[in-house]
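Notes for the structure review
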Amino acid sequence: AKSQGRGNFQFFSAAMNAATHERLLLENRLWQALERNEFELYLQPQIDLATQRIIGAEALLRWHHPELGMVGPDRFIPIAEESGLILPLGDWVLQRAAGLLHAWRAPGLAHLRLAVNLSARQCHGPGLLPHLDRLLHSHGIDPALLELEITESAAMQDPERSRTLLNELRSRGIKVAIDDFGTGYSSLSYLKLFEIDRIKIDRSFVKDIETDPDDAVIVAATIALAHSLGLEVIAEGVETEAQRDFLRSKQCDEAQGYLYAKPMPAAQFEAMVHQSGVS
Ligand code: C2E
Ligand code: CA
Ligand code: CA
Ligand code: CA
């Protein structure tokens, strides 16, 4: 038994070492990636459910590593968050987003809103507001076209500071959306605590609205509650026409998901907007 335990331990620690190794490897490469310009912002269209028109996009980070290929944010954002790289990386994302909004001050694109994800560290660090002010000013951007997505869990790490930050953002006219709504422990107190513009109903609720009556009730009630508080609602992860029809029947304002399009390079998104404007 003793030797077996020892063997298990060795097996376990070998697996841990591999995980630690991959982590260290990715962490080193992440810092280089910023210098080497290996990141790209993909855009996923957001659709007005009443008119079926594209009203904007969510910016989603992609990392093209020369050897590893495309690395998804679920693999590197947590590492970036822990190592502190998320601060320069988050600044890069905002800078790139401002560049896009600047370029969109053009015929056929000037109405588009861009939603950007903020990490917990970014929200609670001191540099965010001055950086945003500089970017909006230097790029001549209408703040109402920039939306910042903050998850419940990020805001709840420090509710007092989050409250102040969200008020500062909204006093500038920047929009605020609560991401992954319904997945935290305190979704309802969130609505009471924070001044926001929109909630994003999490994909995990949307996924089963056709098959799980509880999820259908939760989604319908969430939309009604949000509307009665004067908030708009976007549903994420919409994959089927039945989901879209359900959401539309419940007066959900907007939708985003593979039914419409996967996240794509900016040029492709812009072409899609131009095309949909013509037809
Ligand atoms: P999120 O903010 O909840 O983003 C939505 C995720 O759902 C995206 O994954 C998107 O590609 C995916 N998605 C969209 N529609 C569908 C659908 O119909 N079905 C399914 N199955 N998935 C769909 P992605 O791009 O891999 O991003 C994962 C997470 O990484 C994001 O979740 C966000 O938390 C984080 N992330 C991405 N970009 C950034 C960034 O610039 N900054 C920060 N801090 N986090 C980011
Ligand atoms: Ca998001
Ligand atoms: Ca989300
Ligand atoms: Ca998510």
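Higher on the page you've got the structure.
This write-up is about the structure you can find in this document. In this text the structure is predicted, and so the values were computed from the model without any measurement.

You will see that Asn37, though not glycine, has its phi angle at about 65 degrees, which is positive. Residue class for Asn37 comes out exposed when judged on its relative accessible area of 56%. Of note in the backbone geometry, Gln251 takes a positive phi value of approximately 65 degrees without being a glycine. With respect to the helices and strands, Gln251 occurs in the loop between helix H11 (241-249) and strand S9 (254-255). Classification of Gln251 as exposed rests on a relative accessible area of 54%.

The subject of this paragraph is a nonpolar patch on the surface. Together, Leu188, Leu225 and Leu229 make up a nonpolar patch on the protein surface, roughly 280 Å² of accessible area in all. Position of Leu229 among the secondary structure elements: in the loop between helix H10 (213-228) and strand S8 (232-235).

The next thing to look at is the site of ligand 1. Surrounding ligand 1, one finds 22 residues, the nearest of these being Gln44, Arg62, Arg203, Glu239 and Tyr258. Taking Asp179, its side chain carries an N or O atom lying 3.0 Å from an oxygen atom of ligand 1. For ligand 1, an oxygen atom lies 2.8 Å from a polar atom in the backbone of Tyr258. Surface burial for ligand 1 is 84%, taken as the share of its 810 Å² of free accessible area covered by protein chains. Sorting the residues of the shell around ligand 1 by element identifies strand S2 (54-65), helix H2 (73-83) and strand S6 (175-181) as the ones contributing at least two each. Considering every element that reaches the shell around ligand 1, the biggest residue donor is S2, with four residues. Grouping the constituent residues of the shell around ligand 1 by class yields nine nonpolar, five polar and eight charged.

Another point: the coordination of the calcium ion (ligand 3). Ligation of the calcium ion (ligand 3) by protein atoms is provided by Asp179 (OD), Asp180 (OD), Glu236 (OE) and Glu236 (OE), these donors lying 2.3 to 2.4 Å from the ion. All donors to the calcium ion (ligand 3) come from one chain, and their sequence spacing reads D-D-x55-E. A spacing of 4.0 Å is found between the calcium ion (ligand 3) and the calcium ion (ligand 2), which share Asp179 as a donor. Using a relative accessible area of 24% as the deciding quantity, one classes Asp180 as partly exposed.

Rules of the game
- Position numbers for residues count from 1 along each chain, tracking the sequence in the order it is written.
- Here the convention is simple: chains get letters from A, ligands get numbers from 1, in the order in which they are written.
- Per-residue local features of the predicted model are confined to residues with pLDDT of at least 70, and side-chain atom pairs are confined, for both listing and counting, to 80 or more; whole-chain, interface and lining totals are unaffected and use all residues.
- The side-chain numbers reported here are obtained from all heavy atoms of the structure, hydrogens and water having been left aside.
- Only protein chains enter the accessibility calculation, which uses a 1.4 Å probe. A residue is then buried if its area is under 20% of the maximum for its type, exposed if over 50%, and partly exposed in between.
- What counts as a helix is a DSSP run of H or I of at least four residues, what counts as a strand is a run of E of at least two, and both are numbered from the N terminus.
- Patches were defined on residues exceeding 30% relative accessible area and lacking a salt bridge, with like-charge contacts within 9 Å and nonpolar side-chain contacts (Val, Leu, Ile, Met, Phe, Trp, Tyr) within 5 Å.
- Shrake-Rupley sampling with a 1.4 Å probe provides the accessible areas, and residues are treated as covered by the protein chains on show and by no other component.
- By definition here, a salt bridge exists when the distance from a side-chain nitrogen of Lys or Arg to a carboxyl oxygen of Asp or Glu is within 4 Å.
- Think of it this way: one heavy atom of a residue within 4 Å of a molecule or strand is enough to make that residue near it.
- The term polar contact refers here to a pair of N or O atoms within 3.5 Å; inside protein, the definition further demands a hydrogen-donor-capable atom paired with an acceptor-capable atom, and it admits residues adjacent in sequence only when both atoms are side-chain atoms.
- Gly is placed with the polar residues, together with every amino acid not listed as nonpolar (Ala, Val, Leu, Ile, Met, Phe, Trp, Tyr, Cys and Pro) or charged (Asp, Glu, Lys and Arg).
- Donor atoms (N, O, S) are those found within 2.8 Å of the metal centre, with the cutoff raised to 3.2 Å for Na, K and Ca; water is not part of the atom list, so apparent gaps in a site can occur.

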